[in-house]
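The primary structure of each chain is shown beneath.
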Amino acid sequence: MPLPERLEELFPRETDLPAEHVPADLPLEQREYLVDGALRRWDGPLQEVLSPVCLREGDRVTPRRLGAYPLLDRGEAMAALAAARRAWDEGRGRWPTLPVAARIEHVERFALRMAEHRDEVVRLLMWEIGKTLPDARKEFDRTVDYLRDTVDALKDLDRVSSRFLVEDGIFAQVRRAPLGAVLCMGPYNYPLNETFTTLIPALIMGNCVVFKPPRLGVLLHRPLLEAFRDCFPPGVVNTVYGDGREVAGPLMASGGVDALAFIGSSRVADLLKGQHPRPHRLRSVLGLEAKNAAVVLADADLELAAAECLLGALSFNGQRCTALKILFVHASRADELLERLAAGIDGLRAGMPWEDGARLTPLPERAAVDFQASLLADAREKGAAVVNARGGEDAATYIHPALVHPVADGMRLYAEEQFGPLVPVLPFTDESEPVRFVVESSYGQQVSLFGDDPERMARLVDPLVNQVCRVNLNSQCQRGPDTFPFTGRKDSAEGTLSVSDALRVFSIRTLVAAKSNDLNKAIITDITRERKSNWLSTDFIL
Ligand code: G3H
């Protein structure tokens, strides 16, 4: 469907809304939050939630009000952390001392309960952050799969730890032990998936968690609160909502957070970490900004390169940390690539998240459109032009993708992460130019190389693997499959996440060791045979 003359017409009228894709019982006034195994009621101030989906009435287009969520204060946030610390009880709590097999049962029960809420959560993903229906379903299903894969990975890990090692006359059992209280904070672009890819591994390893959903993407967690309450002992999962400075800052400053899992900006990550009074006690796993480059070499298959670059730059309107955020193309192929990309953008359907085939959707809030517009204005002022038809036009929460060329050092789009539908293109004549960009960038997550000469590819792979953490050949950048390590260098990440790495991130290797003599043999045999300890155990999880 062609882009309407007036972009406002992309937005529906109230009467056009398909009932099956609208969250039930709007507006959703959430007042509950989960602390210490109970849904508490908050009677204080609320945060209004406006949808990226706007409604058209005559000439006016205004964001649909979805509801509201609690703006908790510092006292409530501290109560949530206190509940987590009580459940941890300096490592003596029920949850951290439970056998692995029992913790697995709790998580499996939660996965079943979670699956019952798929449609509700998917609808809220569309309405709260503007994710398309297929992508919202994918986010939900990928998260449930992640839970199941985490269980399998922990079984594998536990099987390896269920035996004793004997070395130099000492025998030992080495296992991974939990760290304590974990604060998990996910991003708005994957509010469910990226919150749960830290929350679930932290939980299953025996930690007690406080989680704070991102500012945009809170209500979609509401349908899961009862499942958390029912599937885990009191205090093991707690939620906080509200302004990060008011709720997350004091938690960090209290020193009561043993591990921080945060996906967001490096500025906020630094603030949070800096507030901890004993930084050496804090374990952090961070997923931060990126400025992943594509390098399209002179011999690249341009049909394939253009298709992958479009997917990489514009899936979910470019709002992925792994998105391709700058495209370097050999000057001899620049015109051809630009033509293909412009035609590709013309072929993408813009619409509301539930509409069939919609690939371009509104951004979560008007401020995100204004940010894109400011980057675009800066590039234009400094000599770049928009190559595709209607690129950069906007209305309310929608901004049409802009293919911006030629982008150069000195423009904001060259170095800053846009996290939106702007596609900067930069021609190069020498391969050292994109390499220099990657080396000088503040970020170091991934790159994509497009070409067909193995020798030339190898020449680029070798320096780039020491600058980023994934080099993709003739493929867009991406996180998945989730069993692959996901991390970055410089300001892009701290720690590694994958199904199995996440189990390691939220635990520490601990061992019980004994000199091999008759006394110790008798003690250990008695403990394991009579199952007197949850730790010293040779049980094998099937
Ligand atoms: O926002 C960053 C996500 O981790 C990217 O994941 O590559 O699967 O979209 P993805």
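Refer to the preceding data block for the structure.
To start, this report covers the structure provided alongside it.

Parameters at a glance
- Residues numbered from 1 in each chain as written.
- Predicted model: local features only at pLDDT ≥ 70, side-chain atom pairs only at ≥ 80, totals over all residues.
- Heavy atoms only, no water.
- Helix = DSSP H or I, 4+ residues; strand = E, 2+ residues; numbered from the N terminus.
- Rg over C-alpha atoms; globule rule 2.2 N^0.38 Å.
- Buried < 20%, exposed > 50% of the residue type's maximum accessible area, 1.4 Å probe, protein only.
- Contact = heavy atoms within 4.5 Å.
- Near = heavy atom within 4 Å.
- Polar contact = N/O pair within 3.5 Å; in protein donor to acceptor, adjacent residues only side chain to side chain.
- Nonpolar A, V, L, I, M, F, W, Y, C, P; charged D, E, K, R; others polar.
- Core = buried A, V, L, I, M, F, W, Y, C linked by side-chain atoms within 4.5 Å.
- Patch = residues over 30% accessible without salt bridge, like charges linked within 9 Å, V, L, I, M, F, W, Y side chains within 5 Å.
- Areas by Shrake-Rupley, 256 points an atom, 1.4 Å probe, with all protein chains shown as cover.
- Salt bridge = Lys/Arg side-chain N within 4 Å of Asp/Glu carboxyl O.
- Lys, Arg positive; Asp, Glu negative; His and termini not counted.
- Charge placed at Lys NZ, Arg CZ, Asp CG, Glu CD.
- 1 Å grid on protein atoms, 1.4 Å probe; cavity = no way out; pocket = protein on both sides within 12 Å on 5 of 7 lines; lining within 4 Å.
- Points joined across faces, edges and corners; volume = space filled by probe spheres on them.
- Pairing = 2+ DSSP bridges.
- Right-handed = clockwise from strand over helix to strand, strands pointing away.
- Axes fitted to C-alpha atoms, helices over the stretch in contact; angles between N-to-C directions.
- Parallel < 35°, antiparallel > 145°, perpendicular 65-115°, else oblique.
- Left-handed = near helix turned anticlockwise from the far one by under 90°.

What the chain contains, in helices and strands, is 17 helices and 27 strands. For 542 residues, the compact-globule formula gives about 24 Å, and the C-alpha radius of gyration of the chain, at 25 Å, lands near that figure. Expressed along its principal axes, the backbone C-alpha trace of the chain runs to roughly 80 × 60 × 40 Å. The 542 residues of the chain split such that 57% are buried. For the chain, long-range pairs separated by at least 24 residues make up 74% of all intrachain contacts whose partners lie at least 6 apart in sequence.

The local shell around the ligand consists of Arg142, Asn189, Tyr190, Glu194, Arg320, Cys321, Thr322, Gln478, Arg479 and Phe486. With respect to the ligand, the backbone of Arg479 contributes an N or O atom lying 2.7 Å from an oxygen atom. Class assignment of the residues belonging to the shell around the ligand gives a composition of 3 nonpolar, 3 polar and 4 charged.

Let us now look at the nonpolar core. Core analysis: the biggest nonpolar cluster contains 138 residues, and Phe110, Phe196, Phe228 and Phe232 have the highest contact counts within it. Sorting elements by how many residues they give to this core places helix α5 (residues 133–161) first, with 10 residues. Not counting residues up to four positions away in its chain, the partners in contact with Phe228 are Leu34, Phe110, Phe196, Leu199, Phe211 and Val237. Counting residues in each nonpolar core, the second largest holds 28 residues, with Leu375, Ala379, Ala384 and Leu413 among its members.

Attention shifts here to a negative patch on the surface. Taken together, Glu105, Glu108, Asp145, Asp149 and Asp152 make up a surface patch of like negative charges. Breaking the negative patch down by element, the ones donating at least two residues are α3 (100–115) and α5. If one sorts the elements of the negative patch by residue count, α5 sits on top with 3 residues. Structurally, Asp145 can be placed in helix α5.

Where empty space is left in the structure can be found by rolling a water-sized probe over the atoms. Following the criterion strictly, the structure yields 3 cavities of 30 Å³ or more and no others. Taken as a whole, the largest cavity encloses approximately 100 Å³ of empty space. Around the largest cavity sit 17 residues that line it, and Leu286, Gly287, Phe486, Ser492 and Ala493 are the ones nearest its centre. Every element with two or more residues in the lining of the largest cavity is listed here: β12 (283–287) and β26 (493–494). No other element matches the 3 residues that β12 contributes to the lining of the largest cavity. Grouping the constituent residues of the lining of the largest cavity by class yields 8 nonpolar, 7 polar and 2 charged. Roughly 60 Å³ of internal volume is contained in the second largest cavity. As for the second largest cavity, its lining consists of Lys291, Asn292, Ala293, Phe437, Val438, Ser441, Tyr443, Gly444, Gln445, Gln446, Val447 and Val468. For the lining of the second largest cavity, the elements supplying multiple residues, two or more each, are β13 (292–296), α14 (432–440), β22 (443–444) and β23 (446–450). Grouping the constituent residues of the lining of the second largest cavity by class yields 6 nonpolar, 5 polar and 1 charged.

A few words now on the pairing of strand β24 (residues 470–473). Of the pairings in the sheet, the one linking β23 to β24 comprises 4 bridges and is parallel in character. Of the residues in β24, the one forming a bridge with Gln446 is Arg470. For the crossover from β23 across helix α15 (residues 454–464) to β24, the handedness is right-handed.

A separate point is the sheet that holds β23. With mixed pairing, 7 strands are arranged side by side in an open sheet as β17-β20-β21-β14-β13-β23-β24. Whereas interior strands pair on both sides, the edge strands pair on one side only; in this sheet they are β17 (385–386) and β24. Across 3 bridges, strand β20 (residues 402–405) lies against strand β21 (residues 422–428) in parallel orientation. Within β21, the position partnered with Ala402 by the bridge is Leu422. Contacts between helix α11 (residues 334–346) and the sheet are confined to β13, β14 (324–330), β20 and β21, with β20 contributing the most and set at about 165° to the helix.

A few words on the sheet that holds β26. A sheet is described by the order of its strands in space; here 6 strands give the open sequence β10-β9-β8-β11-β12-β26, paired in mixed fashion. Of all the strands in the sheet, just β10 (237–239) and β26 have a single pairing partner and so form its edges. Across 5 bridges, the pairing between strand β8 (residues 181–185) and strand β9 (residues 208–212) is parallel. Counted as the bridge partner of Met185 is Lys212 from β9. Against the sheet, helix α1 (residues 74–88) contacts β8, β9 and β10, and its axis sits at roughly 160° relative to β9. Sheet contacts for helix α9 (residues 266–275): β8, β11 (259–263), β12 and β26; angle to β11, the most-contacted strand, approximately 165°.

A few words on the packing of α1 against helix α8 (residues 244–253). Relative to each other, α1 and α8 sit at 45°, their axes nearing to 8 Å. Relative to α8, the element α1 lies oblique. As for the relative orientation of α1 and α8, their crossing is right-handed in sense. Contacts from Arg74, Ala77, Met78 and Leu81 in α1 reach Glu246, Val247, Pro250 and Leu251 in α8.

Turning next to the packing of α8 against α9. Between α8 and α9, whose axes approach to 7 Å, the crossing angle comes to 40°. Taken together, α8 and α9 sit at an angle that is classed as oblique. Facing Ala248, Gly249, Met252 and Ala253 of α8, the residues of α9 in contact are Leu272, Lys273 and Gln275. Within the contact of α8 with α9, the residues separate by chemical class into 4 nonpolar, 2 polar and 1 charged.

As a further point, take the pattern of salt bridges. For the structure shown, the criterion picks out 39 salt bridges. A salt bridge links Arg159 to Asp156, with the nearest nitrogen and oxygen atoms 3.0 Å apart. Separated by 3 residues within a single helix, Arg159 and Asp156 lie in helix α5, roughly one turn from each other. Taken together, the salt bridges that share partners define one network made up of Arg142, Glu194, Arg479 and Asp482.

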